[in-house]
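Structural description and commentary
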Amino acid sequence: MKFNYWPKRMAQSTALLSVLSLSSVAPLTAIAADTSPKDQSKIVQLTDPRLAIDDQGDVWCLAQHAISVKDGFFPDLMVRATSITNVKSIASGGGSTLALKNDGTVWTVELNSRTATIGLKDTLSATLGERIPHLENIVKIDVFGSIGLALDKEGKAWIFETAPSWVRNDPSTSLKSEPVLLEGLDHIKDMSFSYDVTFLKEDGTVWNIDEYSPRPSSNWSLYDSIRYSKPVQLKNLKDIVQLESNHYAIKKDGTVWTWGRTIISKENLGPALTPVAPYQIEELSDVVDIASSNDHSLFVKKDGTVWGRGYFVEKWEALGATPQNAWKDLSKLDGFEDAASIHVSINGNSLSTESVIKKDGTVWMWGLDQFQNLDSKPRQVEFRK
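Residues numbered from 1 in each chain as written. Predicted model: local features only at pLDDT ≥ 70, side-chain atom pairs only at ≥ 80, totals over all residues. Heavy atoms only, no water.

With an unreviewed UniProt entry as reference, the chain is termed Chromosome condensation regulator, source organism Paenibacillus alba.

Below you can see the structure in the form of structure tokens.
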């Protein structure tokens, strides 16, 4: 079987490379066991590109220069992004990053490593940008490329265009930055953005706007599709409580459902021409979080265990080389008995970086670090103020 992953999603593949082997994950309790969770910030969310939020609303980013870390820790150091505070969540995709603050406002996040040359004394890779105008009482955000989505506390969804500062400041760039209410959508409690947009209503039903819906003209954009197309209910999905990226949904009973063109298929290497109707992944239950790459998915269960299914890299020799991978049926990852959530940073070509937030708020990571060294064993990530 192979994950049919629509190539447009590859546009957000700006994270570090990594390799995951289900059989190579070592027990974590013996690694850096001398570090007390009391000395670490309690992380509650991870996102691309290498950003984290703690339970105080502070944002952490990857340190830009080689700085030594504690023995036994993952080589990449996370430092506090001092200008990004009081944050509820961060969304990133297609080169754009947004921050939702606790006061319900939405802001851009600037990634310094993608712009001008950074001074050697500047270790921060992220700073707060500009506020998106007229968005208030927002409870959920998502972004893909130039398109941002915001959900307010009344269950209404808004659409706007955004971009990093080096794009916004280009005189040739024209953005529809003024948020516009999406008609025909109400009582929304969650949403997920891929090559299409999926909305979860308060009654547990799921509604979808497909980018490949018939278009009136060749100039019809994804922005136009989302703004003007009528959402269609996915009939087989009921009692859904949570949406995840790449067309996954968690039901009230903890079962997992998937649909669309991002599907599991052993035969086809490209996207499905016809979207697949929602179906349950029978082997899974009690799931609380899901993350996926181009070729595999990872699932966190209520008991803190982590499970994976799909194509996993078994051998990779160097940058530019094609990784060798193999299909693995649903299997439990050794060493994780207290995971709270999981995150996958996609880099394309079957390579990704996996990160786990444990229930004590510590972060564990494996794969290639920022120096392009491969580390297949999960190690704790250091957060330094």
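Once you've had a look at it, read on.
Time to look at the overall build of the chain. Counting its secondary structure elements, the chain contains two helices and 31 strands. Contacts in the chain between residues at least 24 apart in sequence constitute 58% of all its contacts with a sequence separation of at least 6. Element-wise, carbon and sulfur atoms account for 49% of the exposed surface of the chain, whose accessible area totals about 16,700 Å². (Helix = DSSP H or I, 4+ residues; strand = E, 2+ residues; numbered from the N terminus. Contact = heavy atoms within 4.5 Å. Areas by Shrake-Rupley, 256 points an atom, 1.4 Å probe, with all protein chains shown as cover.)

With that settled, the discussion passes to the sheet that holds strand β15 (residues 197–201). What links the strands of a sheet is backbone hydrogen bonding, and the strands pair in either a parallel or an antiparallel sense. Pairing is antiparallel in the open sheet, where four strands are placed in the order β14-β15-β16-β17. Edge positions in the sheet fall to β14 (188–193) and β17 (232–233), since each of these pairs with one other strand and no more. Taken together, the two bridges between strand β16 (residues 206–209) and β17 define a ladder with antiparallel strand orientation. By the bridge assignment, asparagine 208 is partnered in β17 with valine 232. (Pairing = 2+ DSSP bridges.)

What follows covers the layout of surface pockets. In this structure, the largest pocket encloses a volume near 1,000 Å³. Around the largest pocket sit 40 residues that line it, and Gln45, Leu46, Lys140, Glu244 and His343 are the ones nearest its centre. Counting only elements with at least two residues in the lining of the largest pocket, the list comes to β2 (43–47), β6 (87–93), β10 (138–144), β14, β18 (240–244), β23 (287–292), β27 (339–348) and β28 (351–358). The dominant element in the lining of the largest pocket, judged by the number of residues it contributes, is β27, at six residues. Here the lining of the largest pocket is built from residues that sort into 19 nonpolar, 13 polar and eight charged. (1 Å grid on protein atoms, 1.4 Å probe; cavity = no way out; pocket = protein on both sides within 12 Å on 5 of 7 lines; lining within 4 Å. Points joined across faces, edges and corners; volume = space filled by probe spheres on them. Nonpolar A, V, L, I, M, F, W, Y, C, P; charged D, E, K, R; others polar.)

Further remarks concern the packing of aromatic side chains. Tallying each qualifying case throughout the model produces five aromatic pairs. Here the basic side chain of lysine 101 rests over the ring of tryptophan 107, its NZ or CZ set 5.3 Å away from the ring centre. Cation over ring: lysine 301 sits above tryptophan 307, and NZ or CZ is 4.5 Å from the ring centre. (Phe/Tyr/Trp six-rings, centres within 6.5 Å; stacked < 30°, edge-to-face > 60°. Lys NZ or Arg CZ within 6 Å of the ring centre and 35° of its normal.)

Together, Asp239, Asp253, Asp286 and Asp303 line one region of the surface with negative charge. Tracing the sequence through the fold places aspartate 303 in the loop between β24 (296–301) and β25 (306–315). Residue classification places aspartate 303 among the partly exposed residues on the basis of a relative accessible area of 49%. (Patch = residues over 30% accessible without salt bridge, like charges linked within 9 Å, V, L, I, M, F, W, Y side chains within 5 Å. Salt bridge = Lys/Arg side-chain N within 4 Å of Asp/Glu carboxyl O. Lys, Arg positive; Asp, Glu negative; His and termini not counted. Charge placed at Lys NZ, Arg CZ, Asp CG, Glu CD. Buried < 20%, exposed > 50% of the residue type's maximum accessible area, 1.4 Å probe, protein only.)

For the chain, the mean per-residue pLDDT works out to 82, and 81% of the residues sit at or above 70. A low-confidence stretch, residues 1–37 (pLDDT under 50), is modelled with 142 contacts involving residues beyond four sequence positions or located in other chains. (pLDDT = per-residue confidence, 0-100.)

Attention now goes to the environment of histidine 187. As for its placement among the helices and strands, histidine 187 is situated in the loop between β13 (180–181) and β14. Each C-alpha atom, one on histidine 187 and one on aspartate 203, is 8.2 Å from the other, the two residues being 16 residues apart in sequence. Leaving out residues up to four positions away in the same chain, histidine 187 has contacts with Glu154, Gly155, Leu200, Lys201 and Glu202.

In this structure, Ile147, Leu149, Ile159, Leu182, Phe193, Phe199 and Ile226 are the most contacted members of the largest nonpolar core, which totals 18 residues. Those elements that provide at least two residues to this core are β11 (147–152), β12 (157–161), β14, β15 and α2 (222–228). (Core = buried A, V, L, I, M, F, W, Y, C linked by side-chain atoms within 4.5 Å.)

With the rule as written, the count across this model stands at eight salt bridges. In this structure, aspartate 76 engages arginine 50 in a salt bridge whose closest nitrogen and oxygen atoms are separated by 3.1 Å. On the criterion of sequence distance, the pair formed by aspartate 76 in the loop between β4 (59–62) and β5 (77–80) and arginine 50 in the loop between β2 and β3 (51–54) is long-range, its members being 26 residues apart. Given the relative accessible area of 12%, arginine 50 is considered buried. In this structure, aspartate 186 engages lysine 201 in a salt bridge whose closest nitrogen and oxygen atoms are separated by 3.8 Å. One end of the pair, aspartate 186, is in the loop between β13 and β14; the other, lysine 201, is in strand β15, and 15 residues separate them in sequence. Exposure remark for aspartate 186: the relative accessible area of 30% places this residue in the partly exposed category. Since its relative accessible area comes to 13%, lysine 201 is described here as buried.

Glycine aside, residues mostly have negative phi angles, and peptide bonds mostly take the trans form. Not every positive phi belongs to a glycine, and histidine 187 is a case in point at roughly 55°. Its relative accessible area of 46% is what places histidine 187 among the partly exposed residues. For aspartate 286, which is not a glycine, the phi torsion comes out positive at approximately 55°. If you trace the backbone, aspartate 286 turns up in the loop between β22 (276–280) and β23.

A separate point is the sheet that holds β23. The strand order across the open sheet formed by four strands is β23-β24-β25-β26, and the pairing between neighbours is antiparallel. Edge strands, defined here as strands with exactly one partner in the open sheet, are β23 and β26 (324–332). Neighbour to neighbour, the strand axes of the sheet diverge by 25° on average, direction disregarded. By the bridge criterion, five bridges tie β24 to β25 in an arrangement that is antiparallel. Directly across from serine 297, in β25, lies its bridge partner arginine 309. (Axes fitted to C-alpha atoms, helices over the stretch in contact; angles between N-to-C directions.)

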